[in-house]
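# Coordinate inspection notes
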Amino acid sequence: MRQIILHGGVGSSDELSPLLNKYASFSINYGDPLDAVVAAVKYLEDDLNFNAGTGSVMRLDGSIQMDASVMVDGNFGSVINIESVKNPVQVAREVMEKSPHVMLCGDGATKFAFENGHPRYDPSTERARKRLEESRVIAKNDKRFLYPGTQSVDTVGAVANFDGKIAAALSTGGSSPMMRGRVGDTPILGSGILVRDGFGIAATGIGEEIIRRQLSFDLYCARDRLEAEWKSIASNSPFALGVVGFNGKEPFVYANKSMAHGYAKLD
Ligand code: GLY
């Protein structure tokens, strides 16, 4: 049996869920779960509704730096603060499969992408420019601007389970307002993403909070009482958090705020 589950980021409107169901139904036709999650996240990166790839939010200095990751059981790849590429998730996959490393950041990640044939691309949009003005006002009014004034946390993610083989992928422009160089949970194994022992998870929310809680690893450790553990984490978090994934064959979706999500299954 093949299954895939996607999210459009915590805080994204439930009205976008039919669109995510459509992306899930396209992506499930790929033969391998890693191909499926990368395809799904690319659809979301290319869709201006979401804060990843084209449509990513801007840093306070007006730049766009993106994070993305992919994971299968026993292997991982991520890019941190990559710039000027269309599909960071594809570069994260190439870090995992073509480089000797598991994480590349900044100029090194961007250079690696160009060397691997990704053309230079400007992911900025008019909407991101408008949101930058709002970000700058939030940041000016509160020097610890990340909370509770956070404007945007809508990372996108996907987890697929094809006959017990699991893959996960995440991509984001980051939680704004944020400084240039800031890193969230998306490219951090055990925080935003984890695939291990028949368990796979893709998280969304304020990256700093997810990293402090090691959210994905925590839920993996508590997989025998997943729902109870989630309820405890969510009720103790004043910040938006969400996850999708598989605990064995069982798909799960939890969020403490609205979160667009999609699902497809093929017997
Ligand atoms: N969850 C995305 C971020 O905080 O960057």
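Residues numbered from 1 in each chain as written. Predicted model: local features only at pLDDT ≥ 70, side-chain atom pairs only at ≥ 80, totals over all residues. Heavy atoms only, no water.

## Overview of the overall build of the protein
Scanning the protein for helices and strands turns up eight helices and 11 strands. Over its C-alpha atoms the protein spans a radius of gyration of 17 Å, differing by no more than 12% from the 18 Å that the globule rule assigns to 267 residues. Seen through its principal axes, the protein has C-alpha atoms that stretch 50 × 45 × 35 Å. For the protein, buried positions account for 60% of its 267 residues. Across the protein, every contact between residues at least 6 apart in sequence was considered, and the portion connecting residues at least 24 apart equals 69%. Surface exposure of the protein reaches about 10800 Å², of which carbon and sulfur atoms provide 51%. (Helix = DSSP H or I, 4+ residues; strand = E, 2+ residues; numbered from the N terminus. Rg over C-alpha atoms; globule rule 2.2 N^0.38 Å. Buried < 20%, exposed > 50% of the residue type's maximum accessible area, 1.4 Å probe, protein only. Contact = heavy atoms within 4.5 Å. Areas by Shrake-Rupley, 256 points an atom, 1.4 Å probe, with all protein chains shown as cover.)

## Quick word on the packing of aromatic side chains
The full count for this structure, using the stated rule, is seven aromatic pairs. Seen from their ring centres, Y23 and Y43 are 5.1 Å apart, and the 0° between their planes marks the pair as stacked. Here Y43 lies in helix 2 (residues 33-46) and Y23 lies in helix 1 (residues 17-27), a separation of 20 residues in the sequence. The rings of F199, F217, Y220, W230, F252 and Y254 are connected pair by pair, giving a single aromatic cluster. When the ring centre of Y220 is taken as origin, the NZ or CZ atom of R223, which lies over that ring, is 4.1 Å away. (Phe/Tyr/Trp six-rings, centres within 6.5 Å; stacked < 30°, edge-to-face > 60°. Lys NZ or Arg CZ within 6 Å of the ring centre and 35° of its normal.)

## Some details on the sheet that holds strand 10 (residues 250-255)
Read across the open sheet, the four strands follow the order 7-8-9-10; overall the sheet is antiparallel. Unpaired on one side and paired on the other, strand 7 (193-196) and strand 10 mark the two borders of the sheet. On average, each strand axis in the sheet is inclined to that of its neighbour by 10°, with strand direction left out of account. When strand 7 meets strand 8 (residues 199-205), the two strands line up antiparallel, connected through four bridges. Within the sheet, the bridge partner assigned to R196 lies in strand 8 and is F199. (Pairing = 2+ DSSP bridges. Axes fitted to C-alpha atoms, helices over the stretch in contact; angles between N-to-C directions.)

## Quick look at the packing of helix 2 against helix 3 (residues 88-98)
In a pair of packed helices, the angle between the axes and the distance between the axes together describe the arrangement. Between helix 2 and helix 3, whose axes approach to 8 Å, the crossing angle comes to 150°. By the angle between their directions, the pair helix 2 and helix 3 is classed as roughly antiparallel. Listed contacts from helix 3 to L34, D35, V38, V41, K42 and E45 of helix 2 are P88, V89, Q90, R93, M96 and E97. (Parallel < 35°, antiparallel > 145°, perpendicular 65-115°, else oblique.)

## Details of helix 3
Burial analysis of helix 3 places nine of its 11 residues in the buried class, the great majority of the element. Buried residues in helix 3 make contact with helix 2, strand 2 (66-72), strand 3 (75-82), strand 4 (103-105), helix 4 (106-115) and strand 6 (165-172).

## A closer look at the sheet that holds strand 5 (residues 156-162)
Pairing is mixed across the open sheet formed by seven strands, whose spatial order is 4-3-2-6-5-1-11. Whereas interior strands pair on both sides, the edge strands pair on one side only; in this sheet they are strand 4 and strand 11 (259-266). Between one strand axis and the next, the sheet turns through 5° on average, direction left out of account. Set on the sheet, helix 2 makes contact with strand 1 (2-10), strand 2, strand 5 and strand 6; between it and strand 5 the angle comes to about 155°.

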